[in-house]
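Listed here are the chains, written in short residue letters.
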Amino acid sequence: MNVVRIQGEDEKRSGIYYEFDKDGPFLGEGGMGRVYKGFCVDVRTGRRTVVAIKAVHESIQSPQLLERARREASIQINNENLMKMYGFIENQEQLLSGAWVQRYYMPMEFLVGVNLEDLMKGITSDQSGIRIPYADELYAFFQSDKVSAIAQIIKALLAGIMALHNKGYIHRDIDPSNVMITLDHKIKLIDFGICKQISSLVTMDKHLTSSGTFIGKVNYAAPELVLGDVKSQNQTTDIYAIGVLLYQLYTGKLPFTGLFCHLRKPMPLKDIKHPQLRKIIKKATEKAQDKRYASAAEMIVDLERLLNRTSRGEHIEIKKGNGKLIGGIVAGVVAAAV
């Protein structure tokens, strides 16, 4: 075992510290670091709470990348549809040689569940084989009432997005790999790594994103993201991505692939046989931002209307053969929360 104890000034004041076994198995790995299962320890009581801890790769010393990690860790919003972040810790550690080094950690909520990408393939157990009952329920719901199941998922996602927007951030990285269906019956948006403040383009934002540079997921990118038009990126940028995801959930495929298709190609709405759902997707994915839903709340209202009509039987029957849950999802999306 190689237990690392993590405690910054904020943790000292709060009477807690974090720890994890650096030699133990990790939960995932991405460009910024590895994520481990760890614990938050209360110094006074000794109580240990399970958390996830992202250990930033030691090779990452770029001020821009470290600033991005700090931004991600600072988005601490208490909402049941958002992953909880607990902070960014600069930890002084002593090597076997006796030298001291500074390393960086990001403790966050430990989630047991499957991401939406896996659910769309019919996978309802996590990487350890733990069955996720809520994933089973959603999968069965989809097979019995496709439109209502999709609306329920998107409504929960929009509730998280609304909380994020209300705090002055946009996500810019919405796709199925960043939506988790958890053991405690929640649908959560995760990974705030490329979030941007929307109240103004502050100095920190200028260092994080250069104008004319694409950032995000190619297949869900609103036109203003494609162009790297940082000043025009706002709430409607996330709405566009959710509209693409809604199309994908219904049809089992992406509307198109490739970055510049979002600039030039119209959404293939003929694939959406449900008229009200088609209207919602059309409005969410308009090329012009002022024609999209202005807020997540506005889109939720239309989804609730759709659900009300569906519950009264005013829905179009889905042909046999569409019963499987979105088996045609594009592979190779980045692993969740790393």
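Residues numbered from 1 in each chain as written. Predicted model: local features only at pLDDT ≥ 70, side-chain atom pairs only at ≥ 80, totals over all residues. Heavy atoms only, no water.

(A) Quick look at the overall build of the protein chain. Along the protein chain, the regular secondary structure elements total eleven helices and twelve strands. Taking all 338 residues of the protein chain together, 51% fall into the buried category. A separation threshold of at least 6 residues defines the contact pool for the protein chain, and within that pool the share at least 24 residues apart is 60%. Total accessible area on the protein chain is roughly 15,800 Å²; 50% of this is exposed by carbon and sulfur atoms. (Helix = DSSP H or I, 4+ residues; strand = E, 2+ residues; numbered from the N terminus. Buried < 20%, exposed > 50% of the residue type's maximum accessible area, 1.4 Å probe, protein only. Contact = heavy atoms within 4.5 Å. Areas by Shrake-Rupley, 256 points an atom, 1.4 Å probe, with all protein chains shown as cover.)

(B) Just the packing of helix 4 (residues 133-144) against helix 5 (residues 146-166), in detail. Direction vectors running N to C along helix 4 and helix 5 enclose 140 degrees, while the axes themselves pass 5 Å from each other. With respect to helix 5, the element helix 4 is oriented oblique. Counting all contacts with helix 4, which are made through Tyr134, Leu138, Phe141, Phe142 and Ser144, the residues of helix 5 involved are Lys146, Ser148, Ala149, Ile150, Gln152 and Ile153. (Axes fitted to C-alpha atoms, helices over the stretch in contact; angles between N-to-C directions. Parallel < 35°, antiparallel > 145°, perpendicular 65-115°, else oblique.)

(C) Spatial organisation of the pattern of salt bridges. On inspection of all chains with the given rule, the structure shows 19 salt bridges. In this structure, Lys217 and Asp175 form a salt bridge, with 3.4 Å as the shortest nitrogen-oxygen distance. Separated by 42 residues along the polypeptide, Lys217 in the loop between helix 6 (203-208) and helix 7 (223-226) and Asp175 in the loop between strand 9 (169-170) and strand 10 (179-182) bring together distant segments of the chain. For the residue pair Lys217 and Asp175, the accessibility class agrees, reading buried in each case. One continuous salt-bridge network, built from bridges that share partners, spans Lys22, Glu58, Glu93 and Arg103. (Salt bridge = Lys/Arg side-chain N within 4 Å of Asp/Glu carboxyl O.)

(D) A look at the packing of aromatic side chains. Inspection of every chain in the model, using the stated rule, returns four aromatic pairs. Relative to Tyr36, the ring of Phe26 has its centre 6.2 Å away and its plane inclined at 70 degrees; by these criteria the two rings are edge-to-face. Of this pair, Phe26 sits in strand 3 (residues 26-29) while Tyr36 is found in strand 4 (residues 33-42), placing the two residues ten residues apart along the sequence. Here Phe88 and Tyr104 contribute two aromatic rings whose centre-to-centre distance is 5.7 Å and whose plane-to-plane angle is 25 degrees, an arrangement assigned as stacked. Of the two residues, Phe88 is situated in the loop between helix 2 (63-74) and strand 6 (89-94) and Tyr104 in strand 7 (residues 100-108); the sequence distance between them amounts to 16 residues. In textbook terms, an aromatic cluster arises when at least three aromatic residues are bridged by ring pairs, as seen for Phe20, Phe26, Tyr36 and Tyr105. When the ring centre of Tyr17 is taken as origin, the NZ or CZ atom of Arg5, which lies over that ring, is 3.8 Å away. Just above the ring of Tyr250 sits the side chain of Lys146; from NZ or CZ to the centre is 4.5 Å. (Phe/Tyr/Trp six-rings, centres within 6.5 Å; stacked < 30°, edge-to-face > 60°. Lys NZ or Arg CZ within 6 Å of the ring centre and 35° of its normal.)

(E) Representation of the nonpolar core within the structure. Residues Leu116, Ile154, Leu158, Ile181 and Met299 are the most contacted members of the largest nonpolar core, which totals 79 residues. It is helix 5 that provides the largest number of residues to this core, a total of twelve residues. Excluding its chain neighbours within four sequence positions, the residues that come into contact with Leu158 are Ile239, Ile242, Ala296, Met299, Ile300 and Leu303. The next biggest cluster of nonpolar side chains, apart from the first, holds twelve residues, and it includes Val4, Ile6, Ile16 and Val51. (Core = buried A, V, L, I, M, F, W, Y, C linked by side-chain atoms within 4.5 Å.)

(F) Expanded view of the sheet that holds strand 11 (residues 187-189). Across the sheet, three strands lie side by side as 8-10-11; this open sheet has antiparallel pairing. Single-partner strands in this sheet number two, and they are strand 8 (113-115) and strand 11. Direction aside, the axes of adjacent strands within the sheet are offset by 30 degrees on average. Where strand 10 lies against strand 11, three bridges are found, and the strand directions are antiparallel. Looking across to strand 11, one finds that Val179 is bridged to Leu189. Across the sheet, helix 4 is in contact with strand 8, strand 10 and strand 11; its angle to strand 10 comes to roughly 110 degrees. On top of the sheet, helix 5 reaches strand 10 and strand 11; it is set at about 45 degrees to strand 11, its chief contact. (Pairing = 2+ DSSP bridges.)

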